[in-house]
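Close look at the chain arrangement
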Amino acid sequence: MNGTRGTLIAFEGGDRAGKSTQAKQALQWIRETLREPAVLWHFPNRHSATGRLLDTYLSGSTELTGQVAHLLFAANRWERVEELWQLLDSGSHVILDRYAYSGVAFSVAARGLDPEWCLAADRGLPSPDLVLFLDLDPQLASKRGNFGEERYEQLVIQQRVRQFFLDRLFQSENWVRISAEQPPDQVQLQCRRAITEMLPRVRSLPLKLLW
Ligand code: TMP
Ligand code: MG
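Residues numbered from 1 in each chain as written. Chains lettered and ligands numbered in written order. Predicted model: local features only at pLDDT ≥ 70, side-chain atom pairs only at ≥ 80, totals over all residues.

**Some remarks on the UniProt feature "domain: Thymidylate kinase-like" (unreviewed entry) in the chain**
Condition: UniProt positions are given in the numbering used here, feature names are shortened, and annotations may be inferred rather than shown by experiment. Each helix corresponds to a stretch of at least 4 residues labelled H or I by DSSP, and each strand to a stretch of at least 2 residues labelled E; elements are numbered beginning at the N terminus.
UniProt records the feature "domain: Thymidylate kinase-like" (unreviewed entry) at residues 11–188, using the numbering of this structure. Annotated as 51% helix and 13% strand, the span residues 11–188 places its first and last C-alpha atoms 12 Å apart.

If you want it as structure tokens, here you go:
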């Protein structure tokens, strides 16, 4: 590597907005067109001990208090933070399919937790250089395939999540809102444009920390 750090790019939004598809295409584009190393991580990471428990929570077979669920989601990120710093330091971009923003938005919207209490659990994690907020009207999301499969896939919850994203989180300059109502190719073009614009601007700057 040539001494430049990798960047941290987060995809955020409600369920069924197309984040995973868009994140995968962005990964491929960075690797093949920009020819730079990149990895894609999904949170929650369902393969670790915390993630396996969260998986049963999300499928509805385990009950947890809101606080315990929130702290597990945060722990699920913290347990990978050293690896995350190493990747970024080594020059690899890291694309995140959900991050701490989902953590706070869902815990507030679905479990009624206090926002400030929620934010504290993720304080000190690396702060993304760019957040691509894929915005989709929950009414439309609810008509997409498999909506309703998991615990938080309910219209009222998704509406509150969206409001929280827009009112509380969508305020910093590194957030870009992209309408996920457009055809997927258009969404991808806008993601690429935002990444292209971000790269030269942030690379010589150190990463910040949340929040
Ligand atoms: P997924 O569909 O992206 O795998 O995410 C599963 C659900 O978990 C989704 O409804 C959002 C929710 N979630 C939280 O409640 N807290 C978190 O910290 C994260 C990452 C996701
Ligand atoms: Mg989901």
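Back to the text.
**Examining the site of ligand 1**
Formally: Being near a molecule or strand means, for a residue, that its C-beta atom, positioned from the backbone, comes within 6 Å of it. Amino acid classes used here: Ala, Val, Leu, Ile, Met, Phe, Trp, Tyr, Cys and Pro are nonpolar; Asp, Glu, Lys and Arg are charged; the rest, including Gly, are polar.
Surveying the vicinity of ligand 1 reveals the residues D15, F43, P44, L58, F73, R98, S102, G103, F106, E150 and Y152. Here the shell around ligand 1 takes 3 residues from helix 5 (residues 100–111), the largest share from any one element. Tallied by class, the residues present in the shell around ligand 1 amount to 6 nonpolar, 2 polar and 3 charged.

**What to know about the packing of helix 5 against helix 6 (residues 115–122)**
Which entries qualify depends on this criterion: Only the stretch in contact is used when fitting a helix axis, every axis being a line fitted to C-alpha atoms; angles between N-to-C directions are given from 0 to 180 degrees. Each angle receives one of four descriptions, namely roughly parallel if under 35 degrees, roughly antiparallel if over 145, roughly perpendicular if within 65 to 115, and oblique otherwise. Crossing handedness is read from the near helix: turned anticlockwise from the far helix by less than a right angle, it gives a left-handed crossing, and turned clockwise, a right-handed one. Placing a C-beta atom from the backbone of each residue, one calls two residues in contact when those atoms lie within 7 Å.
Helix 6 packs onto helix 5 with a crossing angle of 155° between their chain directions and a minimal axis gap of 9 Å. Comparing the axis directions of helix 5 and helix 6 gives the class roughly antiparallel. Between helix 5 and helix 6 the crossing geometry is right-handed. Taken together, the residues of helix 6 that come into contact with helix 5 (itself represented by A100, G103, V104, S107 and V108) are P115, C118, L119 and D122.

**Here's the deal with the packing of helix 1 (residues 19–32) against helix 9 (residues 184–202)**
For the pair helix 1 and helix 9, interaxial distance at closest approach is 10 Å and the crossing angle is 50°. On the basis of their axis angle, the class for helix 1 and helix 9 is oblique. At the point where helix 1 passes helix 9, the crossing takes the right-handed sense. Along the contact surface, helix 1 presents T21, Q22, Q25, A26 and W29, while helix 9 presents P184, V187, Q188, C191, R192 and I195.

**Details of unusual backbone geometry**
With an omega dihedral of 0°, the bond running from F43 to P44 counts as a cis peptide bond. With respect to the secondary-structure elements, P44 resides in the loop between strand 2 (38–42) and helix 2 (49–59). Between L210 and W211 the backbone carries a cis peptide bond, its omega angle lying at -25°. By secondary structure assignment, the location of W211 is in the segment after helix 9.

**Focus: helix 5**
What counts here: To estimate the expected span of a helix, subtract one from its residue number and multiply by 1.5 Å. Three exposure classes are used, all based on how many other C-beta atoms lie within 10 Å of a residue's own C-beta (placed from the backbone): buried at 20 or more, exposed at 12 or fewer, and partly exposed between those limits.
The end-to-end C-alpha distance of helix 5, which contains 12 residues, comes to 16 Å, matching closely the 16 Å that a straight helix rising 1.5 Å per residue would cover. Taken residue by residue, helix 5 has A100, Y101, S102, G103, V104, A105, F106, S107, V108 and A109 as its buried positions. Packed against the buried residues of helix 5 are strand 1 (8–12), helix 3 (66–78), helix 6, strand 4 (130–135) and helix 8 (155–169).

**So, the nonpolar core**
Note on soluble globular proteins: their nonpolar side chains tend to be buried together. Formally: Linking buried Ala, Val, Leu, Ile, Met, Phe, Trp, Tyr and Cys residues through C-beta atoms within 7 Å yields a set, and such a set is a nonpolar core.
Ranked by internal contacts, the top residues of the largest apolar core, which has 45 residues, are I9, L96, A105, L132 and L134. In this structure, I9 is in contact with H93, I95, L96, P128, D129, L130, L132 and I195, ignoring residues within four places of it in sequence.

**Points about the environment of A180**
Locating A180 in the fold gives a position in the loop between strand 5 (175–179) and helix 9. Taking the number of C-beta atoms within 10 Å as the measure of exposure, A180 has 23 and is therefore buried. On a C-alpha basis, the gap between A180 and A141 in space is 9.5 Å, while along the polypeptide they are 39 residues apart. Not counting chain neighbours up to four residues away, the residues in contact with A180 comprise G13, A17, G18, L134, D135, L136 and V187.

**Focus: the environment of L205**
The residue L205 is located in the segment after helix 9 in this model. Here the alpha-carbon distance between L205 and A69, two residues 136 residues apart in the chain, equals 34 Å.

**Describing the sheet that holds strand 4**
The pairing of strands in a sheet comes from backbone hydrogen bonds and takes either a parallel or an antiparallel form. For clarity, the cut-off: Whether two strands pair comes down to DSSP finding at least two bridges between them.
In spatial order, the strands read 2-3-1-4-5; together these 5 strands make up an open sheet with parallel pairing. Across the chains shown, the open sheet's two edge strands, defined by having one partner strand only, are strand 2 and strand 5. Strand after strand, the sheet turns through a mean of 20° between neighbouring axes, direction not considered. With 5 bridges joining them, strand 2 and strand 3 (residues 93–97) adopt parallel strand pairing. Residue pairing in the sheet places A38 in a bridge with H93 of strand 3. Relative to strand 4, helix 9 is tilted by about 160°, and along the sheet it contacts strand 1, strand 4 and strand 5.

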